[in-house]
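Results of the structural survey
If you want the building blocks of each chain, they are given just below.
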Amino acid sequence: MGERGSGSTDRWAFTRADRIGLTAVLFVVNGFAIFGWVIAPILGWLRGDPVWTPFISRVTVPALDGAGVAYSVATYDIRVVGPTTGQRLFGLAAGVLWAALLVAGSLIVARLMRSIAEGNAFDRSNIARLRWLAVLLLGGVPVAFVVDLFARGALITGTELGGLPPTASISIPWLPIVAGLVVALIAQAFLAGAALRDDVDGLV
């Protein structure tokens, strides 16, 4: 954060350098995400590489049982050799969905940033952008989370696990959901700001 204008000393002002920095960060993050979620799995598929996936199972540790120490499930990284085409496609679909959500959200943020920098914070288009961002967080992320969960489950189907019983572990992506609610609330505040701006413009 830097100064805005020659006479301003607002250290929280969002300057041109900040916008360039945030754009660069978004570009780098999206690049790594696309490579990790889409390109790398395709390259691994072409090379015939195995696929790694987490596996959760209940375990028994006699030493801990004897000491009366409580413990929970264990997470293993399972190396799936020779996954089927369907398993690879399922995993790739989950990666593509995650990447698409990230790219779409980044584009929305970039356009919001540019509009605000131009002095059009309460433009009606920004309200729509904020609402779309809320939809991505509230709807898109949970859907991608479920697709990814089923894709990981499909990978271990038919895999020899040494007798370890699988354990269902379902968690809810609370952080994106809460963030989506906050963004929706901000969109409503922008709507009130846009209405106020229209009223002021009508008086001039």
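Since this is a predicted model, take the numbers as computed values, not measurements.

So, how was this worked out
Residues numbered from 1 in each chain as written. Predicted model: local features only at pLDDT ≥ 70, side-chain atom pairs only at ≥ 80, totals over all residues. Heavy atoms only, no water. Axes fitted to C-alpha atoms, helices over the stretch in contact; angles between N-to-C directions. Helix = DSSP H or I, 4+ residues; strand = E, 2+ residues; numbered from the N terminus. Parallel < 35°, antiparallel > 145°, perpendicular 65-115°, else oblique. Expected span 1.5 Å × (residues − 1). Bend = angle between axes of the 7 residues up to and from the residue. Buried < 20%, exposed > 50% of the residue type's maximum accessible area, 1.4 Å probe, protein only. Contact = heavy atoms within 4.5 Å. Patch = residues over 30% accessible without salt bridge, like charges linked within 9 Å, V, L, I, M, F, W, Y side chains within 5 Å. Areas by Shrake-Rupley, 256 points an atom, 1.4 Å probe, with all protein chains shown as cover. Salt bridge = Lys/Arg side-chain N within 4 Å of Asp/Glu carboxyl O. Core = buried A, V, L, I, M, F, W, Y, C linked by side-chain atoms within 4.5 Å. Phe/Tyr/Trp six-rings, centres within 6.5 Å; stacked < 30°, edge-to-face > 60°.

**Considerations on the packing of helix α1 (residues 16-47) against helix α3 (residues 85-117)**
Across the interface, α1 lies against α3 with an axial gap of 9 Å and an inter-helix angle of 170°. Viewed along their axes, α1 and α3 adopt a mutual orientation that is roughly antiparallel.

**Digging into α1**
With 32 residues, α1 extends 44 Å between its outermost C-alpha atoms, agreeing within 8% with the 46 Å of an ideal straight helix rising 1.5 Å per residue. The principal kink in α1, of about 40°, is found at F35. What α1 keeps buried is the set D18, L26, N30, A33, V38 and G44. Where α1 ends, the next residue or the one after it, G48, has phi of about 75°, a positive value.

**Describing the environment of A94**
For A94, the position within the fold is in helix α3. Remark: the alpha-carbon pair of A94 and A144, spanning 50 residues in sequence, is separated by 6.4 Å. For A94, the residues in contact, after removing those within four places along its chain, are V147, D148 and A151.

**Concerning α3**
Between its terminal C-alpha atoms α3 stretches 47 Å, which fits the 48 Å expected from 33 residues at 1.5 Å a residue. Directly after α3, the chain includes G119, whose backbone phi takes a positive value near 85°.

**Notes on a nonpolar patch on the surface**
On the surface, a cluster of nonpolar side chains totalling about 520 Å² of accessible area is made up of I34, F35, I39, I42, L43 and L46. Within the secondary structure, L46 sits in helix α1. Residue classification places L46 among the exposed positions, given a relative accessible area of 70%.

**Considerations on the nonpolar core**
In a soluble, globular protein the nonpolar side chains are often hidden away together inside. By size, the foremost hydrophobic cluster in this structure holds 16 residues, and its most contacted members are W98, L101, I108, L130, L133, L137 and V183. Mapped onto this core, the elements with two or more residues apiece are α3, α4 (124-156) and α5 (174-203). Once residues within four sequence positions are removed from consideration, L101 is found in contact with L136, G140, V141 and A144. One finds F55, V80, I156 and L161 within the second-largest nonpolar core, a separate group that totals six residues.

**Let's talk about the packing of aromatic side chains**
Using the criterion set out here, one finds three aromatic pairs in the structure. Taking the centre distance of 5.3 Å and the plane angle of 55° together, the rings of F122 and F190 count as tilted. Of this pair, F122 sits in the loop between α3 and α4 while F190 sits in helix α5; the two residues are 68 residues apart in sequence, bridging distant segments of the chain. Taking the relative accessible area as the measure of exposure, F122 reaches 35% and is therefore partly exposed. Taking relative accessible area as the criterion, F190 reaches 16% and is therefore assigned buried.

**Points about the pattern of salt bridges**
For the structure on display, the rule yields two salt bridges. D49 is the partner of R47 in a salt bridge, and the nearest nitrogen-oxygen pair spans 2.9 Å. Looking at D49, the relative accessible area reads 26%, which means it is partly exposed. The residue D148 makes a salt bridge to R152 at a minimum N-O spacing of 3.0 Å. One end of the pair is D148 and the other is R152, both in helix α4 and four residues apart, which spans about a single turn.

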